[in-house]
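One letter stands for each residue in the lines below.
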Amino acid sequence: MYNIEEYRTIIREKLSDYRFYHSLCVCESAMVLAERFGADVHKAEVAGILHDVMKESSPQEQLDVIAKANMHITDFEKSQLKFYHQISGSAYAKVMLGIDDEEILNAIRYHTTGRDNMSLLEQVIYLADFISADRDYQDVDIMRQQVEKDRRAGMLYATEFTIKSVVDKENMLHPDTVAAYNWLIKNENI
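Keep in mind that this is a model prediction, so the values were computed, not measured. (Residues numbered from 1 in each chain as written. Predicted model: local features only at pLDDT ≥ 70, side-chain atom pairs only at ≥ 80, totals over all residues. Heavy atoms only, no water.)

J.: Can you walk me through helix α1 (residues 4-14) in this structure?
T.: Every α-helix carries 3.6 residues per turn, so stepping three or four residues along brings you back to the same face. Among all positions of α1, only Ile4, Tyr7, Ile10 and Ile11 are buried. Buried residues in α1, looked at end-on, bunch into an arc of 120°, giving them a common side. Exposed residues on α1 whose side chains face more than 90 degrees from its buried face are Glu5 and Glu13. Residues of α1 that are buried make contact with α2 (17-37), α3 (41-50) and α6 (84-95). The N-capping residue of α1, defined by a side-chain oxygen 3.2 Å from the backbone nitrogen of glutamate 5, is asparagine 3. (Buried < 20%, exposed > 50% of the residue type's maximum accessible area, 1.4 Å probe, protein only. Helix = DSSP H or I, 4+ residues; strand = E, 2+ residues; numbered from the N terminus. Arc of directions from axis to C-beta. Contact = heavy atoms within 4.5 Å. Polar contact = N/O pair within 3.5 Å; in protein donor to acceptor, adjacent residues only side chain to side chain.)

J.: What exactly am I supposed to notice about the packing of aromatic side chains here?
T.: One pair of aromatic rings is described through two measures. These are the centre distance and the angle between the planes. By the definition in use, this model includes 4 aromatic pairs. With centroids separated by 5.8 Å and ring planes inclined at 35°, the aromatic side chains of phenylalanine 76 and phenylalanine 83 adopt a geometry described as tilted. For the pair shown, phenylalanine 76 and phenylalanine 83 are each scored as buried. Here tyrosine 126 and phenylalanine 130 contribute two aromatic rings whose centre-to-centre distance is 5.3 Å and whose plane-to-plane angle is 70°, an arrangement assigned as edge-to-face. Of this pair, tyrosine 126 and phenylalanine 130 both sit in helix α8 (residues 120-131), 4 residues apart, which is roughly one turn of that helix. In this structure, tyrosine 126 and phenylalanine 130 share a single accessibility class: buried. Taken together, Tyr126, Phe130, Tyr137 and Phe161 form an aromatic cluster joined through their ring pairs. In this arrangement the basic side chain of arginine 151 is found over the ring face of phenylalanine 37, its NZ or CZ atom lying 5.9 Å from the centre. (Phe/Tyr/Trp six-rings, centres within 6.5 Å; stacked < 30°, edge-to-face > 60°. Lys NZ or Arg CZ within 6 Å of the ring centre and 35° of its normal.)

J.: Where do I start with the side chain of serine 57 in this structure?
T.: Looking at where serine 57 falls in the secondary structure, it is placed in the loop between α3 and α4 (59-68). Dropping the residues within four chain positions of it, serine 57 is found in contact with Lys14 and Gln62.

J.: Looking at this structure, I do not really get unusual backbone geometry. What am I missing?
T.: Even without being a glycine, asparagine 117 presents a positive backbone phi close to 60°. Mapped onto the elements of the fold, asparagine 117 is located in the loop between α7 (102-109) and α8. Looking at asparagine 117, the relative accessible area reads 55%, which means it is exposed. A positive phi angle is found at glutamate 170, which is not glycine, with a value near 55°.

J.: What is the right way to read the layout of surface pockets from this model?
T.: Over the atoms, a rolling probe the size of a water molecule traces out where space has been left empty. Considering only enclosed or pocket space, the largest pocket measures out at about 700 Å³ in volume. The wall of the largest pocket is formed by 24 residues, among which Thr112, Phe130, Thr162, Val166 and Lys169 lie closest to the centre. For the lining of the largest pocket, the secondary-structure elements that each account for two or more residues are α2, α8 and α10 (151-168). Among the elements that take part in the lining of the largest pocket, α10 stands out by supplying 4 residues, more than any other. (1 Å grid on protein atoms, 1.4 Å probe; cavity = no way out; pocket = protein on both sides within 12 Å on 5 of 7 lines; lining within 4 Å. Points joined across faces, edges and corners; volume = space filled by probe spheres on them.)

J.: Would you take a moment to explain the packing of α3 against α8 for this structure?
T.: Helix-helix packing is characterised by the crossing angle of the two axes and by the distance between the axes. Closest axis-to-axis distance for the α3/α8 pair is 10 Å, and the angle between their directions is 45°. Comparing their axes, α8 and α3 come out oblique. The crossing of α3 and α8 is right-handed. Between α3 and α8, the residues in contact are Lys43, Ala44, Ala47 and Gly48 and Leu121, Val124 and Ile125, respectively. Classifying every residue of the contact of α3 with α8 gives 5 nonpolar, 1 polar and 1 charged. (Axes fitted to C-alpha atoms, helices over the stretch in contact; angles between N-to-C directions. Parallel < 35°, antiparallel > 145°, perpendicular 65-115°, else oblique. Left-handed = near helix turned anticlockwise from the far one by under 90°. Nonpolar A, V, L, I, M, F, W, Y, C, P; charged D, E, K, R; others polar.)

J.: What am I meant to see in the environment of valine 147 here?
T.: Assignment of secondary structure puts valine 147 in helix α9 (residues 140-149). Look at valine 147 and you get buried, because its relative accessible area is 2%. C-alpha of valine 147 to C-alpha of glutamate 61: the two residues are 86 residues apart in sequence and 35 Å apart in space.

These values are about where atoms sit, not about what they do.
Shown next, in the form of structure tokens:
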């Protein structure tokens, strides 16, 4: 149904060597996590390979594809370039690649911020982006251990890590990240 080889060719042309390799690693991690947690492995492969498709595109190109897809971008998101790529990546998948599966589109759309009531596939992509083989940030081993323990532990650690990192840099928190954290705290059985 979805042409993974075509998507690999597209991201190879759109991304630097570093970002291309990262996308391959996230794709691989997403498939492993999907298998482990019971999500659709093929959808995880698609969302994983495409999650950063627009990461290195210009802000204007990203805004143009978001507009073309008629997708909503909040004023807060417009003021923060770092959030463009998750929205524009979802828009690109929808408009340019014809992907109409909302679960895949949302997994791309919320892979950086998370959100309230995340689907299983959204959680898989969110976590895969944190623990992919190419990642080497300070707490990555702890992050991987938490994901290995269970999905909720991984989600909670990842969301807390994001919040602490943003606060340490004295940046504004995305409301979706706060909502994701609150959702995780309220629901012990995700």
